[in-house]
Amino acid sequence: MSYYKVEKTDRLEGEIKIQGAKNSALPIIIGSILAGDIVSLYNCPDISDVRDLLDLLEKLGATICFFDNMLYIDGTNIKNMPLTREEMSKTRGSILFLGALTARFGQANLSYPGGCNIGKRPIDIHFDGMSALNIYIYDEEDDMIGAYTEEIIASDVNLKFPSVGATENVMLLATKAKGITRIFNAAKEPEIVDLQDFLNKMGAKIKGAGTDCITIEGVEELHGCSYKIMGDRMVAATYMAATAAIGGRVKLNNIKGEYLREEINVLRKMGCYVKYKKKYIIVSREKKSKLRPMIFIESGPYPAFATDAGTCFVAALLMTKGLSVFRETVFENRYTVAEEFEKMGAIIAVAKGKLVVIDGVDKLVGCQVDAKDLRGGAGLVIAGLMAEGTTIINKVQYIKRGYENIVSDLRRLGAKITEEN
Ligand code: UD1
C-alpha cells in the first residue's frame, strides 16, 4: 500500500491543467450504454473510480481502449447482466447503471451501490423518479435491486430533493421514453449540463439542464459520438484552497471559473485575490496578507458552496486566527476527517456530523494520519503542507478515486509531497 509523505511548504507558484471531471465522466461513461455504438471521450480523468466503472462495462461486453485521457467505448455488444454487490460496491456512481440498462434493455438487476463513507446515502429519490416513468422497481435476494418495464413512458417527475444522481438516472431513462418528460426540482450542477450536452450529441433531445426544470423528448435511437468532458470543479477547488492555505500564486487551466462562483466568493472573503475567465482561474495570496477566518460557510446543492469542497476549505482555515464555522447540509457524516486534523494539533469540533467549528491554531504538527474518504483525504494533504515536520497520509486509495495527479500537480507548484511505497 502506498502513502503520501508531505512536508511543510512555504509557497505554491505556477500553473497546472485541471483534469476532467469525475462527476461528469461517471454518468457520461454509463450513458454511453444507451447508444450501442462507438463513443469517444476526451479529457477523461484516469482515476480509480473511472477504471472500476470501465471494468463493469467490460464485464457487460463493451470493448474499451483508454490511454492519454482518451477513452473509446464500443458498446455494440453490451448485454444485460446482473451487477453484484462486489462489483457495485467500488463506486457510488454505479447506481446509474440502473437507469442506463433499463433504458437500453427494459430491465436491470444490480446490487445497492458503494462509495465514500460520508453517511447514509439512500436511493429512494432515484426509485421515485424512475417509477414515475413506468419502471417497476423491486427488491431481490441478497440486497439486489430489480427494475423492469414493458415501455418507458414519459411523465412529469417531481424530485423531493435536487439529487444529482437521481436527476441523472431519470435523464438517462427519459431519453428513451415515449413522450416528453419534465424533471422538476432537478439538480443544477454543471455536470448535469455536461451530461445533457453529451446525450444530445448522441441524438437525445434534452433542454433545461442547469435550471431546476429539465425537459426531455424521448427518442427511439441514439448513436455514437465524440465528446470532451468538462474540467473538474472539485479538483480546482482543492488547489484553490491549498493556495489560500499555503500562500503563493497559482493559475488553474481547463476550468470555467463561473462554475466555482460561490467558492471564489468565500476565498475572496478569506482575503485571497481571485481572477477567473472561461478557461482559467488565478488564485493568489501573499504571505503578508493573513487569511481571514470565516464565521459562516454553508454547503448546499449548486449553485451554493459545494459539499465536496468543504473539507479542503476547512483544512485551509485550521491555522487562521479566530473562529470559523462551516455547516454541512448535504451529507450527514462528512467530517470524520476532523479526528485526523486533531491528531495534527488542530482545534476543531463537529456537532452532529454537520456543524464544524474551527479555532485557528498557530501551528499544526505532522504525524501519521488516515484518509477515510476522497475529499477528507484531500483536506489532509492541505493540512500536511501547512504542518511542521512530516505528515504521512495512509489509505491514499481513497484520494486516488478522484484525483488523477494530486502529487505531481502539487509538486509542479512547489509543494513538498511524494508518494512512497
Ligand atoms: C453526487 C456527486 C458527489 C456530490 C453530490 C452532491 C457523483 C458521482 N457524485 O453524489 O460527489 O457530493 O452529488 O453534490 O456525481 N439522497 C437521498 N435519496 C436519494 C438520493 C440522494 O436521500 O435517492 C440524499 C443523499 O443521501 C445526500 C443528498 O441527497 O444526503 C445528496 O445526494 P445526491 O445529490 O444524490 O448525491 P450523489 O448523486 O450521490
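Just so you know, these numbers come straight off a predicted model, no measurement behind them.

K.L.:
So what's going on with the site of the ligand? Which residues, and what values?
P.N.:
Lining the immediate environment of the ligand, one finds 20 residues, of which Asp-124, Ile-125, Ser-163, Asp-308 and Val-330 sit closest. In this structure, a nitrogen atom belonging to the ligand sits 3.2 Å away from a main-chain N or O atom of Pro-122. For the ligand, a nitrogen atom lies 2.7 Å from a polar atom in the side chain of Asp-124. For the ligand, whose accessible area on its own is 740 Å², the fraction buried by protein is 87%. Breaking the shell around the ligand down by element, the ones donating at least two residues are α1 (22-31), α5 (124-131) and α6 (164-175). Among the elements that line the shell around the ligand, the one with the most residues is α5, at three residues. Considered class by class, the residues forming the shell around the ligand number eight nonpolar, five polar and seven charged. Each of domain 1 (3-16 + 288-420) and domain 2 (22-228) gives at least three residues to the shell around the ligand.

K.L.:
Give me the lowdown on the sheet that holds strand β1 (residues 3-7), citing residues and values where you can.
P.N.:
Spatially, β21-β22-β1-β23 is the arrangement adopted by the four strands of the open sheet, whose pairing is mixed. In the strand order of this sheet, the two ends are held by β21 (368-370) and β23 (416-420), each with one partner. Sheet twist, expressed as the average angle between the axes of neighbouring strands with direction ignored, equals 25°. Bridge analysis of β1 against β23 gives five bridges, and the strand direction is antiparallel. Counterpart to Glu-7 in the pairing with β23 is Lys-416. Packed onto the sheet, helix α12 (residues 374-386) meets β1, β21, β22 (390-394) and β23 and runs at close to 35° relative to β1.

K.L.:
With reference to specific residues and values, describe α6.
P.N.:
Its 12 residues place the ends of α6 17 Å apart at the C-alpha level, agreeing with the 16 Å of an ideal helix rising 1.5 Å per residue. Burial analysis of α6 places 11 of its 12 residues in the buried class, which makes it a mostly covered element.

K.L.:
Which residues make up the domain arrangement of the protein, and what values do they have?
P.N.:
For the protein, the assigned domains read domain 1 (3-16 + 288-420) and domain 2 (22-228). Computed over C-alpha atoms, the centres of domain 1 and domain 2 are 31 Å apart. Counting the surface domain 1 buries against domain 2, the share from its top three residues, Tyr-302, Arg-401 and Glu-404, is 42%. In this assembly, domain 1 and domain 2 are joined by one salt bridge. For Arg-401, the salt bridge goes to Asp-49, with nearest N and O atoms at 3.0 Å.

Criteria and thresholds
Numbering of residues starts from 1 in every chain and runs along the sequence as written. Local features in this predicted model are restricted to residues of pLDDT 70 or higher, and side-chain atom pairs are both shown and tallied only at a pLDDT of 80 or more, whereas totals for entire chains, interfaces and linings draw on every residue. Water and hydrogen atoms were dropped before computing side-chain values, which therefore reflect all heavy atoms in the structure. The nearness test applies per residue and asks whether one of its heavy atoms lies within 4 Å of the molecule or strand. Polar contacts here mean pairs of N or O atoms no more than 3.5 Å apart (in protein, one a potential hydrogen donor and the other a potential acceptor; neighbouring residues in sequence count only if both atoms are side-chain atoms). Methods summary: accessible areas were calculated by the Shrake-Rupley approach with a probe of 1.4 Å, and residue burial reflects only the protein chains presented. Secondary structure counts use DSSP, requiring at least four H or I residues in a row for a helix and at least two E residues in a row for a strand, with both numbered from the N terminus. Under the convention adopted here, Pro, Cys and the residues Ala, Val, Leu, Ile, Met, Phe, Trp and Tyr are nonpolar, Asp, Glu, Lys and Arg are charged, and Gly plus all remaining residues are polar. All the domain ranges listed were derived from an automatic or database domain assignment. DSSP-based pairing: two strands are paired if at least 2 bridges between them are found. The axes are straight lines fitted to the C-alpha atoms, using for helices just the contacting stretch, and the angles between their N-to-C directions are given from 0 to 180°. Note on contacts: a residue pair is in contact if any heavy atoms of the two residues lie within 4.5 Å. Expected span of a helix, by definition, is 1.5 Å for each gap between consecutive residues, and there is one gap fewer than residues. Partly exposed describes any residue whose relative accessible area lies between the buried limit of under 20% and the exposed limit of over 50%, with all areas from a 1.4 Å probe on protein chains only and scaled to the type maximum. The term buried area denotes the loss of accessible surface (1.4 Å probe radius) that occurs when two parts are joined, taken as the sum for both partners. Here, a salt bridge means any side-chain nitrogen of Lys or Arg that lies within 4 Å of a carboxyl oxygen of Asp or Glu.

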